[in-house]
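Read off the chains here:
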Amino acid sequence: MCLAIPGRIVEIVEDLPQLAMVEVAGVRRQVNVDLLRDEPLGPGDWVLIHVGFAMSRISEAGAQEQMRMLEMLGEDEQAMQEIQGYGFGQAEH
Amino acid sequence: MRYVDEFRDPKLIRQAAAEIRRLARPDRHYRVMEVCGGHTHAIYRFGLEGLLPGNLELIHGPGCPVCVLPMGRTDDGLAIAELPGVIFTAFGDVMRVPGTKGSPLEHKARGAEIRMVYSPLDALKLAQAHPDRHVVFFAIGFETTAPSTALTLLRARQLGVANFSVFCNHVTIIPAIRAILDSPGMRLDAFVGPGHVSTVIGCRPYEFIAEDFGKPIVVSGFEPLDILQSLVMILRQLADGRAEVENQYARVVPWEGNLPALRALEEVFELRPYFEWRGLGFISQSALKLRDAFAEWDAERRFTVPGIRVTDPKAAQCGEVLKGVLKPPQCKLFGRECTPERPVGALMVSSEGACAAYYHYVHRAAAAASLER
């Protein structure tokens, strides 16, 4: 629960600016980026995601390190399940 | 060491380990607590204890949310889950936490409407999709997860979702550290500070550790090199006779924390007068509850919960392990009655729990080695 998942912002959702589409190892889901509202955030930026919320902006190198560490801790599969499990940004709203 | 070669930079790891051995005076014993369960997991996974001199002891701290939650709170949550019309939601870790009459997963198997979610926003969405039911989210975690619950509640209010509420079990790390420092017989020399909690609260709240108790604390990242570098920084402080808050994880942790997250916490939550922690007992002002303005979304006010104090199974010594009095394998149930597959105690549930981490990386490796012999 304490380990964050790194993702790359693909786009900020236009009509709901607190949501952004992120990509994690090829999987795209919307996450909430409201906690980073004080930072200029755009496509190509990397963030650490925690229970559906982007918590910090990080560098690309930092994101790669974090993913590698999740793999080494054996938590990468669980992390991908979590990303795939986020349903709140999906269409049927 | 076993894992050194798979590290990103084995040379830097060896250098840091050598520096630790150089700094650790042979005539003294060092006790350093890593507060965060994520660090505990990494320390066992990477076999870091094997890189440290024998007189540098790592003590596992209280930073594993499901580990410190007393069983009575799980029972309270499950009492709500069994009410007609309720859909009860929780994170995956919570699903396996033992209650008096079994875990949420076992209650689900017996027919309770319990669903696992990965985000509190998914619990809120479930409420919107089922207007005829009431969706309760079992909120748990330190300051890392509390802002997401706060934003979800703000969203629920904004959207006017009336069939959603939160059973709040959020705790705060500072009072727990203070309780440990205040406990009689406390023999810690320093702390490895939590990484992701600190992205929210920043480094300033730790200042009392240095100023009032004269102990160093270094906020640390989770990679092996991060943890070893943090230990180097701690040993340097101890060697110089300094006690300061230092930030090894500055690439992620801002000194002032995350202001929008802190504002959301302030708006939605207030401190409970006291809260019970497994192993640490009752700690004043150590947990969050919803403010009156959010009473409508507070499961504890909407539903009657038993609120009974439940003691852990007698044989399980979770509390002693949490206090650092016992190492995981010294518990009578460890690896026999209590395993990650069938946890009796909460420390065996989460990968951040000291028992589960020890079991996965030390106990199994030792068992495999003895088979090979």
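Just so you know, these numbers come straight off a predicted model, no measurement behind them.

### Notes on the packing of helix H7 (residues 120–129) of chain B against helix H8 (residues 146–159) of chain B
Residues and elements named next belong to chain B.
- Two elements in contact, H7 and H8, have axes whose closest approach is 9 Å; the angle formed by their N-to-C orientations is 25 degrees. The angle between the axes of H7 and H8 places the two elements in the roughly parallel class. The element H7 and its partner H8 pack so that their crossing is right-handed. On H8, the residues that touch Pro120, Leu121 and Leu124 of H7 are Ser148, Thr149, Thr152, Arg155 and Ala156.

### What to know about the sheet that holds strand E7 (residues 190–193) of chain B
Residues and elements named next belong to chain B.
- Taken in spatial order, the five strands of this open sheet run E2-E1-E7-E8-E9, and their pairing is parallel. Only two strands of the sheet have a single partner each, and these edge strands are strand E2 (56–63) and strand E9 (245–247). Adjacent strand axes in the sheet meet at a mean angle of 20 degrees when their direction is disregarded.
- Sheet topology note: the strand E8 (residues 217–219)/E9 ladder contains three bridges and is parallel. Paired with valine 219 across the two strands is asparagine 247, which belongs to E9.

### What about the pairing of E7(B)?
Residues and elements named next belong to chain B.
- Here E7 shows two buried faces, one formed by Ala190 and Val192 and the other by Phe191 and Gly193.
- In the sheet, E7 pairs with E8 via three bridges, with the strands oriented parallel. In the sheet register, phenylalanine 191 faces E8, and the bridge partner there is isoleucine 217.

### Brief notes about the nonpolar core
- Within the largest apolar cluster, 152 residues are counted, with the highest numbers of intra-cluster contacts made by A:Ala54, B:Val32 and B:Leu347.
- When residues in this core are grouped by element, the largest group, eight residues, is from helix H12 (residues 224–240) of chain B.
- With near-sequence residues (within four places) excluded, B:Leu347 lies in contact with B:Cys67, B:Cys318, B:Val321, B:Leu322, B:Gly353, B:Ala354, B:Cys355 and B:Ala356.

### Topic: the domain arrangement of chain B
All names here are of chain B.
- When its domains are assigned, chain B resolves into domain 1 (4–63 + 174–247), domain 2 (67–171 + 257–302) and domain 3 (318–368).
- Averaged C-alpha coordinates put domain 1 and domain 2 at centres separated by 31 Å.
- Residue-level contacts link twelve residues of domain 1 with 16 residues of domain 2.
- Only E2, helix H9 (173–182) and helix H10 (196–201) provide two or more residues apiece to the side of domain 1 that touches domain 2.
- If you tally residues by element for the side of domain 1 that touches domain 2, the top one is H10, at five residues.
- Partitioning the side of domain 1 that touches domain 2 into residue classes produces seven nonpolar, five polar and no charged.

### A short note on the sheet that holds strand E5 (residues 134–141) of chain B
All names here are of chain B.
- One open sheet holds the four strands; their spatial order is E4-E3-E5-E6, and the pairing between them is parallel. Two strands bound the open sheet, and with one partner strand each, they are strand E4 (114–116) and strand E6 (164–170). The mean inter-strand angle of the sheet, taken between neighbouring strand axes irrespective of direction, is 25 degrees.
- Taken together, the three bridges between strand E3 (residues 86–90) and E4 define a ladder with parallel strand orientation. By the bridge assignment for E4, threonine 89 is matched with arginine 115.
- Contacting E3, E4, E5 and E6, helix H4 (residues 71–81) runs over the sheet at an angle of about 145 degrees to E3.
- Sheet strands in contact with H8 are E5 and E6, and its direction is about 160 degrees off that of E6.

### Considering the packing of H8(B) against helix H13 (residues 259–268) of chain B
Residues and elements named next belong to chain B.
- Contact geometry for H8 and H13: axes closest at 9 Å, N-to-C directions at 60 degrees. Between H8 and H13, the angle is such that the two are oblique. In the crossing of H8 with H13, the sense of the turn from one axis to the other is left-handed. On H13, the residues that touch Ala146, Pro147, Ala150, Leu151, Leu153 and Leu154 of H8 are Ala261, Ala264, Leu265, Glu267 and Val268.
- Looking at the contact of H8 with H13 residue by residue, the class counts come to ten nonpolar, no polar and one charged.

### Some thoughts on the interface of chain B and chain A
- Across the boundary between the two partners, chain B contributes 36 residues, which contact 29 residues of chain A.
- Those elements that place two or more of their residues in the side of chain B that touches chain A are helix H2 (37–45), H7, H8, H10 and H13 of chain B.
- With five residues, H2(B) is the largest single contributor of residues to the side of chain B that touches chain A.
- Each residue belonging to the side of chain B that touches chain A can be placed in one class, and the counts come to 14 nonpolar, 13 polar and nine charged.

The rules we used
Residues numbered from 1 in each chain as written. Chains lettered and ligands numbered in written order. Predicted model: local features only at pLDDT ≥ 70, side-chain atom pairs only at ≥ 80, totals over all residues. Axes fitted to C-alpha atoms, helices over the stretch in contact; angles between N-to-C directions. Helix = DSSP H or I, 4+ residues; strand = E, 2+ residues; numbered from the N terminus. Parallel < 35°, antiparallel > 145°, perpendicular 65-115°, else oblique. Left-handed = near helix turned anticlockwise from the far one by under 90°. Contact = placed C-beta atoms within 7 Å. Pairing = 2+ DSSP bridges. Buried ≥ 20, exposed ≤ 12 C-beta atoms within 10 Å, placed from the backbone. Core = buried A, V, L, I, M, F, W, Y, C linked by C-beta atoms within 7 Å. Domains from an automatic or database assignment. Nonpolar A, V, L, I, M, F, W, Y, C, P; charged D, E, K, R; others polar.

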